[in-house]
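Summary of structural features
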Amino acid sequence: MTDSKYFTTTKKGEIFELKAELNSDKKEKKKEAVKKVIASMTVGKDVSALFPDVVNCMQTDNLELKKLVYLYLMNYAKSQPDMAIMAVNTFVKDCEDPNPLIRALAVRTMGCIRVDKITEYLCEPLRKCLKDEDPYVRKTAAVCVAKLHDINAQLVEDQGFLDTLKDLISDSNPMVVANAVAALSEIAESHPSSNLLDLNPQSINKLLTALNECTEWGQIFILDCLANYTPKDDREAQSICERVTPRLSHANSAVVLSAVKVLMKFMEMLSKDLDYYGTLLKKLAPPLVTLLSAEPELQYVALRNINLIVQKRPEILKHEMKVFFVKYNDPIYVKLEKLDIMIRLASQANIAQVLAELKEYATEVDVDFVRKAVRAIGRCAIKVEQSAERCVSTLLDLIQTKVNYVVQEAIVVIKDIFRKYPNKYESVIATLCENLDSLDEPEARAAMIWIVGEYAERIDNADELLESFLEGFHDESTQVQLQLLTAIVKLFLKKPTETQELVQQVLSLATQDSDNPDLRDRGYIYWRLLSTDPVAAKEVVLAEKPLISEETDLIEPTLLDELICYIGTLASVYHKPPSAFVEGGRGVVHKSLPPRTTSSESTESPETAPAGAPPGEQLDVIPTQGDLLGDLLNLDLGPPVSGPPLATSSVQMGAVDLLGSGLDSLIGASNFVSPPAAAVPANLGAPMGSGLSDLFDLTSGVGTLSGSYVAPKAVWLPAMKAKGLEISGTFTRQVGSISMDLQLTNKALQVMTDFAIQFNRNSFGLAPAAPLQVHAPLSPNQTVEISLPLNTVGSVMKMEPLNNLQVAVKNNIDVFYFSTLYPLHILFVEDGKMDRQMFLATWKDIPNENEAQFQIRDCPLNAEAVSSRLQSSNIFTIAKRNVEGQDMLYQSLKLTNGIWVLAELRIQPGNPSFMDLELSLKCRAPEVSQHVYQAYETILKN
């Protein structure tokens, strides 16, 4: 008889009977009773009153009975914690049972009893099980550590279980390795800053060895762990790819997708010239195609992942177009996803095939699918220019079918085709106008109105057509009303004499009779423009429109890179990062693809120094996303937080360790990793000796400025390294105030808000004197100029070079870093003129070894002009004399930190228009002399 009999009882007062049966001497009766208890518990009856009686049944050799009792214990231990302690002795005893199944069962149940009171009693049995001779017990114990960590993390750390888990990664049994990896990954997710899975080539090798022998779940755990590792170079990446590739032929689709994720991530590091790169592309296609022969739900997950892969590397599936052709019995969600991928893969080579297929779909019965198919034809026209004509004629054929929803979709896409190819296909307007009466959807009506307004000069009865729409103006949707208003104003500007009445009518309807604020505002703007300046109105309303882009629905590149790291997870199905749908953000770490740091491709890669550059001249000044520890979006922009320094990562990014020296005070609980100390922005790669003129690319030249010299803006943070945010800037000093003049440009596809800025400690204590004020959200392709006031009362730390400034900028997307070199003359103060007697005494007092000599060649100024030019930058001439036909200027300047610099400038006439200058500098801090000389050269030569 089956166990279903236990669920059919309807007796009253059965608890008493069960109690008696549980205390029976007969083993069979006991087992039957426990089964009845479990059945009652399963259907939701409260049988917690039987807790002591069920616990007494634990003392048995019968494995089935023991399992049932343990199941009961797990369920009721939380509500009966005092009673649960009674079971501890049995757990301890069972952990030493000769039967490994019982040992494992005991340790598994221990992990599931989430009661604080008894966790400390379980540490000793767990420690024994972690070192058990049987691998089944060890693998169960590994998972138990993760469960125990969730209940009491401190206890697990104090007992040294994490170290034992790390040792299990080297276990001889692959399933133990897989479970140890799974447990460590789980713990690491809840503590993103802890470096638990300290992966190195040796441990990666052990994981790859275990990969071939463990179960499919074990393989998934190991592959997900591998995906979080960043190889040190392209050779290691290739070696890992070679050993992961066999997983692509696994029967389990989750294993296949996990393997694809690892390969997609590591391919970033491989040179496209490698033979292996081509081989890998070919190997990735068949497993992805195979996933599409599964049941529809799995197909959908596979298609959502393929959509991401195709956006990142379309070459993988470019020859597999036919697989994405829709089958008649596909569910609608699969059909729509396939259609999307078909358009992404469309190219000149396969467009004829795609168009024939899409035309077929447009005659289907499923309305949603037909609409999408017609849209797809329009998208193909925009994407593949050579096919545009064929696409337009296909759309015209579809319009001739007179099927209402087909006609409406066709008009919407033809509007986009007109935007992409102006003055090319306008001959079809007549055909479109014939279908005016059948349009009943707002989007189609708005598209038709736009076409009439845009090409009014080519349509004889444009005014009549628009007037017909105007009759039911108040019944139209907002979209149509707005479009109609604009179209009639366009028509008026093109044919003013014939349409004056029409334009007055629409302006009156929009402004006086409408309660929609958008419509009213647009109406008033047009009214004022037309009444005050018709020429300006023409320039605004009839301005040339930018061509629309090929793919408007592509995922933004930085988000795409992050989603590639989440292939095979919910994020890849939603096409959103986990932070967008995981509540509380526990364990959500921003991931990104590794930078291309290949040995053979250094010239191509923006992440590495140019070929031939010495290792010390690394140009990348922004740490890569992989080096940023934790979630840095919660940048603390209040006053600096004092407190113990945070734990640092093992990643070394240059000579200066920011965590030990200052940027840690910038953040509440996140770790920053230092950019390379000697770095300068990528486009400012001149060696220091060539002076600031090279550094700021001053050859581009600016007009003469009164006051201190200002260098032209240079790009400090390129958009490709800051998720679309480009920052250019320069430094100025005017009337004693220092400013950082910034230009922020949004080159991403999303709006940027919540800007803030912080400086690391630096040699002269430069710090923002006010918050970074960006008054409105920064829209895509928008640029904003901001002047950020600076002061010199920040924390001081000597930098290398001295004028290096490391900056963190935060917005709603992420935190970004860059470093730049500021010209020293912005620190020359206005009271830097020394008394003559003081000058003489100080010059003598400073030791001769502190004197530094420099030459400035081909200066285009005479002595008077030199003195005047330098004075405008707060370098003051104290005395001047002529010795043997050479002018000698004695000068002083003072830095914001009170350091005085004394100078002797000898001007030797060279050719008639250029002078050679010899500069001697004396200072008690001789390390500033080089930078003062560069300031002299910059000021005098610009």
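Quick notes on the rules
Residues numbered from 1 in each chain as written. Predicted model: local features only at pLDDT ≥ 70, side-chain atom pairs only at ≥ 80, totals over all residues. Heavy atoms only, no water. Helix = DSSP H or I, 4+ residues; strand = E, 2+ residues; numbered from the N terminus. Buried < 20%, exposed > 50% of the residue type's maximum accessible area, 1.4 Å probe, protein only. Areas by Shrake-Rupley, 256 points an atom, 1.4 Å probe, with all protein chains shown as cover. Axes fitted to C-alpha atoms, helices over the stretch in contact; angles between N-to-C directions. Parallel < 35°, antiparallel > 145°, perpendicular 65-115°, else oblique. Left-handed = near helix turned anticlockwise from the far one by under 90°. Contact = heavy atoms within 4.5 Å. Expected span 1.5 Å × (residues − 1). Polar contact = N/O pair within 3.5 Å; in protein donor to acceptor, adjacent residues only side chain to side chain. Nonpolar A, V, L, I, M, F, W, Y, C, P; charged D, E, K, R; others polar. Pairing = 2+ DSSP bridges. Core = buried A, V, L, I, M, F, W, Y, C linked by side-chain atoms within 4.5 Å. Phe/Tyr/Trp six-rings, centres within 6.5 Å; stacked < 30°, edge-to-face > 60°. Lys NZ or Arg CZ within 6 Å of the ring centre and 35° of its normal. Disulfide = S-S within 2.5 Å. pLDDT = per-residue confidence, 0-100. Patch = residues over 30% accessible without salt bridge, like charges linked within 9 Å, V, L, I, M, F, W, Y side chains within 5 Å. Salt bridge = Lys/Arg side-chain N within 4 Å of Asp/Glu carboxyl O. Lys, Arg positive; Asp, Glu negative; His and termini not counted. Charge placed at Lys NZ, Arg CZ, Asp CG, Glu CD.

1. Some remarks on the overall build of the chain
In terms of helices and strands, the chain carries 38 helices and 13 strands. Taken over 942 residues, the chain has a buried fraction of 52%. Accessible area of the chain: about 42,500 Å², with a carbon and sulfur share of 51%.

2. Here's the deal with the packing of helix 27 (residues 462–470) against helix 28 (residues 478–494)
Interaxial distance between helix 27 and helix 28 falls to 11 Å at its minimum, and their mutual angle equals 155°. Classed by the angle they form, the pair helix 27 and helix 28 counts as roughly antiparallel. Considering the relative orientation of helix 27 and helix 28, their crossing is left-handed. Residues Ala462, Asp463, Leu466, Phe469 and Leu470 of helix 27 pack against Leu484, Ala487, Ile488 and Leu491 of helix 28.

3. Re helix 13 (residues 174–190)
Taking 1.5 Å per residue, 17 residues should reach 24 Å; helix 13 reaches 25 Å between its end C-alpha atoms and fits that length. Extensive coverage of helix 13 is indicated by the burial of 13 of its 17 residues. At the N-terminal end of helix 13, a side-chain oxygen is found 2.8 Å from the backbone nitrogen of Met175, two or three residues along, and the residue is Asn173.

4. Some thoughts on the packing of helix 2 (residues 27–42) against helix 4 (residues 63–76)
Interaxial distance between helix 2 and helix 4 falls to 10 Å at its minimum, and their mutual angle equals 35°. For the pair helix 2 and helix 4, the crossing hand works out as left-handed. Between helix 2, through Lys31, Val34, Lys35, Val37, Ile38 and Met41, and helix 4, the contact on the second element is made entirely by Glu64, Leu65, Leu68, Val69, Leu71, Tyr72, Asn75 and Tyr76. Tallied by class, the residues present in the contact of helix 2 with helix 4 amount to 10 nonpolar, one polar and three charged.

5. Section: the sheet that holds strand 1 (residues 714–717)
Paired through backbone hydrogen bonds, the strands of a sheet run either parallel or antiparallel to each other. Spatial ordering of the open sheet is given by 1-2-3-6-5, a layout of five strands whose pairing is antiparallel. Only two strands of the sheet have a single neighbouring strand rather than two, namely strand 1 and strand 5 (767–768). Inspection of the sheet shows strand 3 (residues 737–746) paired to strand 6 (residues 783–791) by eight bridges, in the antiparallel sense. For Gln743, the partnering residue across the bridge sits in strand 6 and is Glu785.

6. Here we look at unusual backbone geometry
Here the residue pair Glu800 and Pro801 is connected by a cis peptide bond, since its omega of -5° sits within 30 degrees of zero. Notably, Lys402 is not glycine yet its phi reads approximately 60°, a positive angle. Its location among the elements puts Lys402 in the loop between helix 23 (388–400) and helix 24 (404–420). Look at Lys402 and you get partly exposed, because its relative accessible area is 49%. One non-glycine residue, Asp754, adopts positive backbone phi at about 55°. Summarising the element assignment, Asp754 is placed in the loop between strand 3 and strand 4 (756–759).

7. A look at the nonpolar core
Ranked by internal contacts, the top residues of the largest apolar core, which has 212 residues, are Tyr72, Phe91, Leu126, Val244 and Phe418. Ignoring sequence-local partners within four residues, the contact set of Tyr72 consists of Val37, Ile38, Met41, Val47, Ser48, Leu50, Phe51 and Val54. Core analysis: the next-biggest nonpolar cluster, separate from the first, contains 67 residues, Ala852, Ala925, Ala935 and Tyr936 among them.

8. Some points on the packing of aromatic side chains
Under the criterion given, the structure shown has 11 aromatic pairs. Between the aromatic rings of Trp716 and Phe731, the centroid separation amounts to 5.2 Å while the plane-to-plane angle is 35°, which identifies the pairing as tilted. In this pair, Trp716 is assigned in strand 1 and Phe731 in strand 2 (residues 725–734), connecting sequence segments 15 residues apart. The exposure class of Phe731 is buried, given its relative accessible area of 1%. Pairwise contacts between aromatic rings join Trp716, Phe731, Phe818 and Tyr822 into one cluster. The side chain of Lys335 reaches across the aromatic face of Phe369, ending 5.1 Å from its centre.

9. Some points on the pairing of strand 7 (residues 804–810)
Here strand 7 lies mainly inside the structure; seven of its seven residues are buried. Neither face of strand 7 is left uncovered, since the one carrying Asn804, Gln806, Ala808 and Lys810 and the one carrying Leu805, Val807 and Val809 both have all their residues buried. In the sheet, strand 4 pairs with strand 7 via four bridges, with the strands oriented antiparallel. Across the sheet, Ala756 pairs through a bridge with Lys810, a residue of strand 7.

10. Focus on the state of the cysteines
For the structure on display, the rule yields zero disulfides. With no disulfide partner, Cys391 has as its closest neighbouring cysteine sulfur the one in Cys380, 5.6 Å distant. Among the residues examined, Cys391 registers a relative accessible area of 0% and is labelled buried.

11. Some details on the environment of Ser172
Here Ser172 lies in the loop between helix 12 (161–168) and helix 13. By relative accessible area, which is 72% here, Ser172 ends up exposed. For the pair Ser172 and Pro135, spaced 37 residues apart in sequence, the C-alpha separation works out to 8.8 Å.

12. Looking at the side chain of Ser763
Along the chain, Ser763 falls in the loop between strand 4 and strand 5. On the accessibility criterion, Ser763 (10% relative accessible area) is buried. At 3.0 Å, the side chain of Ser763 forms a polar contact with the backbone nitrogen of Met799. Reaching out from Ser763, the side chain makes a polar contact with the backbone oxygen of Leu802 at a distance of 2.6 Å.

13. As for helix 15 (residues 216–227)
In this model helix 15 runs 16 Å from its N-terminal to its C-terminal C-alpha over 12 residues, within 8% of the 16 Å that 1.5 Å per residue would give. Gly218, Gln219, Ile220, Ile222, Leu223, Cys225, Leu226 and Ala227 are the residues of helix 15 that are buried.

14. Re the sheet that holds strand 4
One open sheet holds the three strands; their spatial order is 4-7-8, and the pairing between them is antiparallel. Strands at the two margins of the open sheet, each flanked by one partner only, are strand 4 and strand 8 (815–821). Taken pair by pair, the neighbouring strands of this sheet meet at an average axis angle of 25°, ignoring direction.

15. Some remarks on the confidence of the model for the chain
Of the residues in the chain, 85% have a pLDDT of 70 or more, and the chain-wide mean is 79. Counting contacts from residues 598–706, a segment whose pLDDT is below 50, to residues more than four positions away or on other chains yields 205 contacts.

16. Remarks on a negative patch on the surface
Taken together, the side chains of Glu464, Glu467, Glu471 and Glu501 present a region of like negative charge at the surface. Among the structural elements, Glu501 can be located in helix 29 (residues 500–511).

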